[in-house]
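Each chain, written out:
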Number of protein chains: 2
Amino acid sequence: MTELLKSKKISETPFRKEVLAIFRNYTNAIPLSTVEKELKEYNRITLYRTIKIFIEKGIIHEITISGEESNYAICHEECSTAAHHHQHIHFKCSSCKKIFCVEVDQFPSIILPNYKIKQLEIQATGLCQKCNV
Amino acid sequence: MTELLKSKKISETPFRKEVLAIFRNYTNAIPLSTVEKELKEYNRITLYRTIKIFIEKGIIHEITISGEESNYAICHEECSTAAHHHQHIHFKCSSCKKIFCVEVDQFPSIILPNYKIKQLEIQATGLCQKCNV
DNA sequence: TAATATTTGCAACATTGTTGCAATAAATAT
DNA sequence: ATATTTATTGCAACAATGTTGCAAATATTA
């Protein structure tokens, strides 16, 4: 599955492969500081640029939660380069602090008179599967 | 209504009153750069500290959208110091770029098997009342 | 394997946010 | 009203985060 970089039409370099592998090793979203720790050879500038291009190409997406470091997670198939339409929500566990992308069967819709809603982004807080015992 | 600062048990200083007045003059959420421009005498450090304490005391709340500067808006009555529970969504207009807090009659709920959801935060993108003609 | 295009990493810089501390201003008690 | 206590302000200095130009190195294409 290293083909992903090629399919997104960006050069396949050792650094990019390593970053991609790190994201694939996590089921939850992770911040740059975690990627940094896992990299054999860490270069701040290259990492910023890698993250930037991964987001542009729809390989990963950013999850921002007020007052916290940004987190990043692998995009699933439904992500396109143009618009990141997710049928998932971002779930932050208040116990283990991890952030997950969780697929939702019935994605809610909202009606606002006089407004035209094109996209919804939902963040939930609570207890994840593991912590909700 | 300058009583707000007193009711939140923080000192009522000219700087804080001015910042509060700026937020009250907007119906939409604004970033620090806008507050800065509107202040007669701008001090970066004092502004950071003012914003921080306003958030802690439930006077304003932060709205973060991926890849954008944070925005801030006045809290309404239902905001408590402990937890910011909003029955409103954050709406970003793709035309005028403004961010609004919009009250919703029927706030959606989501069911995730095995998870326990405590709070939902919803961000919508689309056209606001003015731009949706 | 050579030519071209892209990426990497350094130096240098820009922006954003934080902390200790003395001077100042606000709140409280007298 | 004024003195005392408490909290805030603003400076200097720093820490963290993010960006850009450019030459060397690497990947892709011909």
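Up top you'll find the structure we're talking about.
Residues numbered from 1 in each chain as written. Chains lettered and ligands numbered in written order. Predicted model: local features only at pLDDT ≥ 70, side-chain atom pairs only at ≥ 80, totals over all residues. Heavy atoms only, no water.

## Some remarks on the sheet that holds strand S4 (residues 88-93) of chain A
An order of S5(A)-S4(A)-S6(A)-S6(B)-S4(B)-S5(B) is seen for the six strands of this open sheet, with the pairing classed as mixed. Lying at the two open borders of the sheet, with one neighbouring strand each, are strand S5 (99-103) of chain A together with strand S5 (99-103) of chain B. Direction aside, the axes of adjacent strands within the sheet are offset by 30° on average. Summarising the sheet, strand S4 (residues 88-93) of chain B and S5 of chain B pair through five bridges and their orientation is antiparallel. In the strand pairing of S5 of chain B, His 90 of chain B is matched with Cys 101 of chain B. (Pairing = 2+ DSSP bridges. Helix = DSSP H or I, 4+ residues; strand = E, 2+ residues; numbered from the N terminus. Axes fitted to C-alpha atoms, helices over the stretch in contact; angles between N-to-C directions.)

## A short note on the interface of chain B and chain A
Counting residues at the interface gives 32 residues for chain B and 32 residues for chain A. At the boundary of chain B with chain A, total buried surface from both sides reaches about 2900 Å², with 56% on carbon and sulfur atoms. In terms of surface lost to chain A, no three residues of chain B exceed Ile 110, Tyr 115 and Gln 129 of chain B, which account for 19% of the buried area on that side. Our count for the contact surface shared by chain B and chain A stands at zero salt bridges. Remark: the boundary between chain B and chain A carries 18 residue pairs in polar contact (both at pLDDT 80 or more). Among the secondary structure elements, those contributing two or more residues to the side of chain B that touches chain A are S4, S5 and strand S6 (116-127) of chain B. The greatest single-element share of the side of chain B that touches chain A, amounting to twelve residues, is contributed by S6 of chain B. Classifying every residue of the side of chain B that touches chain A gives 16 nonpolar, eleven polar and five charged. (Contact = heavy atoms within 4.5 Å. Buried area = accessible area lost by both parts, 1.4 Å probe. Salt bridge = Lys/Arg side-chain N within 4 Å of Asp/Glu carboxyl O. Polar contact = N/O pair within 3.5 Å; in protein donor to acceptor, adjacent residues only side chain to side chain. Nonpolar A, V, L, I, M, F, W, Y, C, P; charged D, E, K, R; others polar.)

## Describing the environment of Glu 18 of chain A
Residue and element names in this part refer to chain A. By the element assignment, Glu 18 lies in helix H2 (residues 14-24). Judged by relative accessible area, which is 19%, Glu 18 ranks as buried. Counting along the chain gives 55 residues from Glu 18 to Ala 73, while the straight-line C-alpha distance between them is 15 Å. Among all residues touching Glu 18, those that are not within four sequence positions of it are Glu 38, Leu 39 and Lys 40. (Buried < 20%, exposed > 50% of the residue type's maximum accessible area, 1.4 Å probe, protein only.)

## Here's the deal with the relation of the copies chain B and chain A
Least-squares fitting of chain B to chain A yields an RMSD of 0.0 Å, with the superposition described by an axial translation of 0.0 Å and a rotation of 180°. Those values place the two copies in the arrangement expected of a two-fold rotation axis. Nearest to the rotation axis, the C-alpha of Ile 122 of chain B is located 2.3 Å from it, this being the minimum over chain B. Taken together, the interface assignments show that 100% of the residues at the interface of chain B recur at the interface of chain A, consistent with an identical surface on both copies. (Least-squares fit on C-alpha atoms with pLDDT ≥ 70 in both.)

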